[in-house]
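# Overview (structure and organization)
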Amino acid sequence: METPIIRIQNLGKEFKTANGPVRALQNINLEVSAGEIFGIIGLSGAGKSTLVRCINYLEVPTEGDVLFEGKSMAAMSDHERRRTRQSMGMIFQQFNLLAQRNVIRNVCFPLELAGVPKKEARERAMELLKTVGLEDRAQAYPAQLSGGQKQRVAIARALATRPKVILCDEATSALDPNTTKQILELLKDINRKLGVTIIVITHEMAVIEAICDRVAIIDQSRIAEVGAVSEIFLNPRSAIGRKLIMGEAAAQAAGTAVSGESGRSIRIIFDGRESAEPVISNMVLACRAPVNIMYAATRDIQGKAMGQMVVQLPPDREGARRVIEYLESIRVPYEEVNGDEV
Amino acid sequence: MKFDAVTVNMLKTGIWESFYMTALSSLFAYLIGLPLGIILVVTDEGGIRPIPWLQKILGVAINLLRSVPFLILLFIALPLSKIVIGTRIGSPAIIIPLTIAAAPYVARVVESSFRELDAGVIEAAQSMGASTWQIIWKVLLPESRPSLLLGAALAVTTILSYSAMAGFTGGGGLGAIAINYGYYRYEPFLMWVSVVLLVVMVQIIQEAGNRLSRKSDKRIR
């Protein structure tokens, strides 16, 4: 395997506060390959924003190192780090455009910092505005744009210096669902056409499902699990993974089922193939046992429809065993869920 | 008391003297205060180049200077005017104490303008590899421009009102006319005329500041 474009090694970050030190990150090890879209998901306060800022050394880690194309960021001088940052674009939740500059001058800004001649910079900026579909707004000021347009400008700006990596810090969290979808499409497009590696920080599983190849789940300052998105969707190994993938509604449903008198419930996962077949009704007919559907939903994972359902098993042991056996026999993935975990 | 040619000429001279004392002192105060304000923000603990000890020392020094009443600072600083300008009386002499009093004030005014700036914008510039100087020149100053202009109106009007005390040390300007005629000669009419002229000058400066600030601000649609 080729060397990863970013390798995070034993990274830790401790903040000094008035109430003593706070560990924001502990023992983080991750590898991001060139050309992939890598997601980092966690609840708020899990440390994901700190982690993304450690990748470009906006936050200096207190332990460990980040290797960018095999070069240690820790060992770099200030000057070298600034040069390296030009190979890592970044976009933010609040867009962070320069309010006193118009759109084209915002996109020119990183080129100006890098000392690119003005004429060349403007040409490059116009080209990028075309890529993000905003060439007609070049003279507008950020205050005149919608949230989605501002994020497009920010994406064009992040791409200006032809970076190899784009870091997205909750880039769609301030946008409505429709705009979110468009921005995610744009990011995916950029990844495909330009081959730019994208690292996405988010608290929304839907964002990960929509564009990421692989995902790291971060919980309480540590990595809980890492893997391909589809793999983790099928089989989350950590409690936090389950919680994030099932979503609040499903987790609550599973919780209610367990706290009820009748005990066990399972999560059944369908991919596009099975969703055409009436799995549940076949199961009920075959097992002659009633099941209680607590929650059901479909998710769109990388363009593939994936469904999940939380069902309560029949209260009697025999009925429950028959249902499990039936699922095994038709090879539908399932897992038992426990209300305490979620 | 009537508006004869002599009085009108005296008032004209007064306006001119007030104007140039204020203008020159403001210019020098900004030449000193603006960099100090930048240092205060940049070297702050959460700033882009934290140097906490320097920030603290500078903060204390500015507070010290700001706590000396201007009238007292005026007398303390006049010997310095003798050295720099060659005289301790008259309108030019007061420019030195005015600058000394106004520079720390300006430093605080511009500091608060810079602090209004969204930290995210500076972080974005850092993520693009901007150096400290680039952030100061290309982010901090231009992005704060509307607020800096409003602050300038505030600072210049304050300097104008300080300049009115030049009368106590043989300086000129509208303030000196008000003090000499109103206070020493009991001629309230001329005092009021000078005060009204000062009020008009303050209004003009403030209004100009407001307009420039609004016009330069691209955040307004």
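Computed from a predicted model, the values in this text were never measured in an experiment. (Residues numbered from 1 in each chain as written. Chains lettered and ligands numbered in written order. Predicted model: local features only at pLDDT ≥ 70, side-chain atom pairs only at ≥ 80, totals over all residues. Heavy atoms only, no water.)

## A look at empty space enclosed by the protein
- All told, the structure shown has two cavities of 30 Å³ or more when counted by the stated rule.
- The calculated volume of the largest cavity comes to roughly 100 Å³.
- G89(A), R157(A), A158(A), S127(B) and M128(B) are, among the 13 residues lining the largest cavity, the residues nearest its centre.
- Secondary-structure elements contributing two or more residues to the lining of the largest cavity are strand 6 (88-92) and helix 5 (147-159) of chain A together with helix 5 (119-127) of chain B.
- Of the residues forming the lining of the largest cavity, the biggest block, four residues, is contributed by strand 6 of chain A.
- Its residues assigned to classes, the lining of the largest cavity comprises seven nonpolar, four polar and two charged.
- In this structure, the second largest cavity is lined by C168(A), A171(A), T172(A), L184(A), L187(A), V200(A), I201(A), T202(A) and V207(A).
- Elements with a contribution of two residues or more to the lining of the second largest cavity: helix 6 (177-194) and strand 8 (197-202) of chain A.
- In terms of residue count, strand 8 of chain A provides more of the lining of the second largest cavity than any other element does, three residues in total.
- For the lining of the second largest cavity, the residue count by class is seven nonpolar, two polar and no charged. (1 Å grid on protein atoms, 1.4 Å probe; cavity = no way out; pocket = protein on both sides within 12 Å on 5 of 7 lines; lining within 4 Å. Points joined across faces, edges and corners; volume = space filled by probe spheres on them. Helix = DSSP H or I, 4+ residues; strand = E, 2+ residues; numbered from the N terminus. Nonpolar A, V, L, I, M, F, W, Y, C, P; charged D, E, K, R; others polar.)

## What about helix 2 (residues 78-85) of chain A?
- Of the positions making up helix 2 of chain A, those classed as buried are R81(A), T84(A) and R85(A). With its buried residues spanning 100° around the axis, helix 2 of chain A presents them on a single face.
- Summarising the contacts, the buried residues of helix 2 of chain A are in contact with strand 4 (63-68) and strand 6 of chain A together with helix 5 of chain B. (Buried < 20%, exposed > 50% of the residue type's maximum accessible area, 1.4 Å probe, protein only. Arc of directions from axis to C-beta. Contact = heavy atoms within 4.5 Å.)

## Digging into the interface of chain A and chain B
- Contact residues are listed per partner, giving 24 residues for chain A and 25 residues for chain B.
- Both sides of the chain A and chain B interface together cover about 2,100 Å² of buried area, and 56% of this is carbon and sulfur.
- Considering only the side of chain A, the residues that lose the most area to chain B are Q100(A), L113(A) and A143(A), jointly responsible for 31% of the buried surface there.
- On inspection of chain A and its partner chain B, the count reaches two salt bridges.
- Of the charged contacts, one joins R53(A) and E123(B) as a salt bridge, the two residues approaching to 2.4 Å between their closest N and O atoms.
- Linking chain A with chain B are nine residue pairs in polar contact (both at pLDDT 80 or more), by the criterion used here. (Buried area = accessible area lost by both parts, 1.4 Å probe. Salt bridge = Lys/Arg side-chain N within 4 Å of Asp/Glu carboxyl O. Polar contact = N/O pair within 3.5 Å; in protein donor to acceptor, adjacent residues only side chain to side chain.)

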